[in-house]
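# Structural description and commentary
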Amino acid sequence: MKFIFNKIPRGLIYHKVLESVRYLLTSFFMPLDDKSAIEKFEDKFAKYCDHEYCVAFPFARTAIYFTLKNLNLPSGSEVILPPVTIKGIVDVILALDLIPVYVDWDADTLNFQLYELQRKTSSKTKAVIITTLFGLVPDMKELVDFFRSKEIFIIEDFSQCLNGTFDGKRVGTFGDVGIYSCSSIKTLDTLGGGLAITSDTGIYEALRKSQAGLFPAGRKFLIKKAWLNLVRNVATTRLIFSLAVFPLFQIMRKANPESTLKQTGSRNKDRVSKLPKVWFSSYSSLQANIGLAHIDDVSASDQIRIDNANYLKAKCGSDRFPKTAQSSANVYWQLVMLQDPKRAQEVFARHGIDTATTSLELVSALEQYPNKAAMPVAEKFYYNGIFLPCFPGLSKADLERIVNAANELA
Ligand SMILES: Cc1ncc(COP(=O)(O)O)c(C=O)c1O
């Protein structure tokens, strides 16, 4: 039995276990509505992102909802979306009587194909959500020039790409509004939250008004988030992962080889009939204080992950990974490689390593939703894009093991 106490998990929580314990304990009694802490974090996040303003919402989907709502678009207007994202974003678009239109990926950037964009945009296209997945930065200039030339409102969802840049400019600041989800497992994780950044005073003032209409933050909801954060954190510590979680995954895979493929498990695919109330509760000061305590640590841990990813890419062969653009500075929130996922899990498991595929949804294929469309490139990556562990905390020996396993698969 190799690596009995040293299995490598598929990912990690960007908090120490003791911090997660503290968040859980304080979630029972700390004030949730200290406005000055929330404003301080909003201000800090805006400055951190080289922008004027930030407005905090409980989820990224809520920030997207209000950004689009405040545009007062005619019903039936179209919003360009990536084929892979969270289902909640499609739910808010439909709730506003707008129509999602999916555009397939370019295999080098895992972002929109320019040719497909030209084909899918029309006079009805009023907005786009450019989504920089996995910490990969596409040619932002080319995309933004295209949307600007058609006067399409640009939202950037940079939840997976905080600190990524193109030609020295930060991802999240190219469009009209940038949206960052500080949900569990993100590099700046504040037990959830959706931060909208902009330098447009009109957009900012409208978002502030929307924020003022939210329900008070819910304590029960936060306790649940803090609990999940702690459970995931403990489950991915080396000892617990090696002795309990990894063997459990092996048993689950024996019963059903598909059962552990999704990084954080499968999500509900049903269409929501009404947007849940919890999507409209306020971001809390407890979350803002977590953000304030951690924001200055993100770049240092990013750098370790980027170095790990570059090392793995060089050792496994760069042509096995999306190559993005010349001026892209990727942050590799996840390092994606195309491979048969079940075989990859099996081979990696022999080296004591856990791998997974994305937990996001292939929204372009959702049964109960409109405008379903085939997306050959995105589907290939969605089903066969496995994540090589590259997070901070991996030793040189861990990285060698990952290289050996990846090369056995080649
Ligand atoms: C690209 C992207 N957008 C949005 C989200 C989450 O959004 P929300 O804060 O609405 O849960 C995630 C997190 O899983 C994400 O990866």
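Model, not experiment: these values are computed from the prediction.

This part covers the packing of aromatic side chains. Counted according to the given criterion, the structure contains 19 aromatic pairs. For the pair Phe 66 and Phe 280, a centre-to-centre distance of 5.8 Å together with 85° between the ring planes defines the contact as edge-to-face. Taken together, the residues span a long stretch of sequence, with Phe 66 in helix α3 (residues 60–69) and Phe 280 in the loop between α9 (238–255) and α10 (285–294) at a distance of 214 residues. The exposure class assigned to Phe 66 is buried, which follows from its relative accessible area of 10%. Overall, Phe 280 belongs to the buried group, its relative accessible area being 15%. Between Trp 105 and Phe 134, the ring centres sit 6.4 Å apart and the planes meet at 85°, which makes this aromatic pair edge-to-face. Taken as a pair, Trp 105 in strand β5 (residues 105–106) and Phe 134 in the loop between β7 (125–131) and α6 (140–149) lie far apart in primary sequence, 29 residues in all. Of the two residues, Trp 105 and Phe 134, neither departs from the other in class, the shared state being buried. Members of the aromatic cluster, connected to one another through ring pairs, are Phe 41, Phe 45, Phe 158, Tyr 180 and Tyr 283. If you follow Arg 61 out to its NZ or CZ, it ends over the ring of Trp 279, 4.7 Å from the centre. Cation over ring: Lys 277 sits above Phe 215, and NZ or CZ is 4.7 Å from the ring centre.

Our focus in this paragraph is a nonpolar patch on the surface. Together, Ile 4, Phe 5, Leu 239, Ile 240 and Leu 243 line one region of the surface with nonpolar side chains, adding up to about 470 Å² of accessible area. Residue position: Ile 4 is located in the segment before α1 (17–26). A residue is classified by how much of its surface remains accessible, and Ile 4, at 39% relative accessible area, is partly exposed.

What follows covers unusual backbone geometry. For Asp 50, which is not a glycine, the phi torsion comes out positive at approximately 60°. The topology assignment puts Asp 50 in the loop between α2 (35–48) and β1 (53–57). Residue Asp 50 is classed as exposed on the basis of its relative accessible area, which comes to 57%.

Now for the sheet that holds strand β13 (residues 328–329). Taken in spatial order, the three strands line up as β10-β9-β13 in an open sheet, and their pairing is antiparallel. Two strands in the sheet have a free side with no partner beyond their single neighbour: β10 (169–170) and β13. Where strand β9 (residues 165–166) lies against β10, two bridges are found, and the strand directions are antiparallel. Following the sheet pairing, Phe 166 is matched in β10 by Lys 169.

Further remarks concern the site of the ligand. Within the structure, the ligand sits among 13 residues, and Ala 60, Arg 61, Asp 157, Gln 160 and Lys 186 are positioned closest to it. A distance of 2.8 Å separates an oxygen atom of the ligand from a polar backbone atom of Ala 60. Contact between the ligand and Gln 160: an oxygen atom at 2.8 Å from a side-chain N or O atom of the residue. Contact with the protein chains covers 94% of the free accessible surface of the ligand, which is 400 Å². Looking at the shell around the ligand residue by residue, the classes come out as five nonpolar, five polar and three charged.

It is worth spelling out the pairing of β1 at this point. Burial of β1 is extensive: five of the five residues sit out of reach of the surface. Taking every second residue as pointing to the same face, both faces of β1 are buried, with Tyr 53, Val 55 and Phe 57 on one and Cys 54 and Ala 56 on the other. With five bridges connecting them, β1 and strand β12 (residues 194–198) associate as antiparallel partners. Paired with Cys 54 across the bridge in β12 is Ile 197.

Taken in spatial order, the seven strands line up as β1-β12-β11-β8-β7-β2-β4 in an open sheet, and their pairing is mixed. Each edge of the sheet is formed by a strand with only one pairing partner; in this case those strands are β1 and β4 (99–102). Sheet twist, expressed as the mean angle between neighbouring strand axes with direction ignored, is 25°. Pairing geometry for strand β2 (residues 78–81) and β7, over three bridges, is parallel. The residue bridging Ile 80 from the neighbouring strand is Val 128, located in β7. Running at roughly 130° to β1, α2 makes contact with β1, β11 (177–181) and β12 of the sheet.

Glancing now at the nonpolar core. Core analysis: the biggest nonpolar cluster contains 117 residues, and Phe 45, Phe 147, Phe 348 and Leu 388 have the highest contact counts within it. Grouped together as the second largest cluster of nonpolar side chains are ten residues, Leu 24, Leu 32, Leu 230 and Ile 290 included.

What follows covers the domain arrangement of the protein chain. How large an interface is tends to be reported as the accessible area lost when its parts come together. According to the domain assignment, the protein chain consists of domain 1 (17–218) and domain 2 (222–268 + 298–409). Between the C-alpha centres of domain 1 and domain 2 the distance comes to 23 Å. Contacts between domain 1 and domain 2 engage 56 residues on the former and 49 residues on the latter. Summed over the three residues of domain 1 that lose the most area to domain 2, namely Lys 87, Phe 134 and Leu 191, the buried surface amounts to 13% of that side. Our count for the contact surface shared by domain 1 and domain 2 stands at one salt bridge. Across the salt bridge formed by Lys 323 and Asp 108, the nearest N and O atoms sit 3.2 Å from each other. Of all the secondary-structure elements, those providing two or more residues to the side of domain 1 that touches domain 2 are α1, β3 (84–85), α4 (87–95), β4, β5 and β9. Of the residues forming the side of domain 1 that touches domain 2, the biggest block, five residues, is contributed by α1.

Here the focus is the environment of Phe 249. Mapped onto the elements, Phe 249 comes out in helix α9. The class for Phe 249 is buried, based on a relative accessible area of 16%. The sequence separation of Phe 249 and Thr 198 amounts to 51 residues, and the corresponding C-alpha distance is 43 Å. Those residues in contact with Phe 249 that sit more than four places away from it in its chain are Arg 10, Phe 241, Thr 260 and Asp 354.

Criteria and thresholds
Residues numbered from 1 in each chain as written. Predicted model: local features only at pLDDT ≥ 70, side-chain atom pairs only at ≥ 80, totals over all residues. Heavy atoms only, no water. Phe/Tyr/Trp six-rings, centres within 6.5 Å; stacked < 30°, edge-to-face > 60°. Helix = DSSP H or I, 4+ residues; strand = E, 2+ residues; numbered from the N terminus. Buried < 20%, exposed > 50% of the residue type's maximum accessible area, 1.4 Å probe, protein only. Lys NZ or Arg CZ within 6 Å of the ring centre and 35° of its normal. Patch = residues over 30% accessible without salt bridge, like charges linked within 9 Å, V, L, I, M, F, W, Y side chains within 5 Å. Areas by Shrake-Rupley, 256 points an atom, 1.4 Å probe, with all protein chains shown as cover. Salt bridge = Lys/Arg side-chain N within 4 Å of Asp/Glu carboxyl O. Pairing = 2+ DSSP bridges. Near = heavy atom within 4 Å. Polar contact = N/O pair within 3.5 Å; in protein donor to acceptor, adjacent residues only side chain to side chain. Nonpolar A, V, L, I, M, F, W, Y, C, P; charged D, E, K, R; others polar. Axes fitted to C-alpha atoms, helices over the stretch in contact; angles between N-to-C directions. Contact = heavy atoms within 4.5 Å. Core = buried A, V, L, I, M, F, W, Y, C linked by side-chain atoms within 4.5 Å. Domains from an automatic or database assignment. Buried area = accessible area lost by both parts, 1.4 Å probe.

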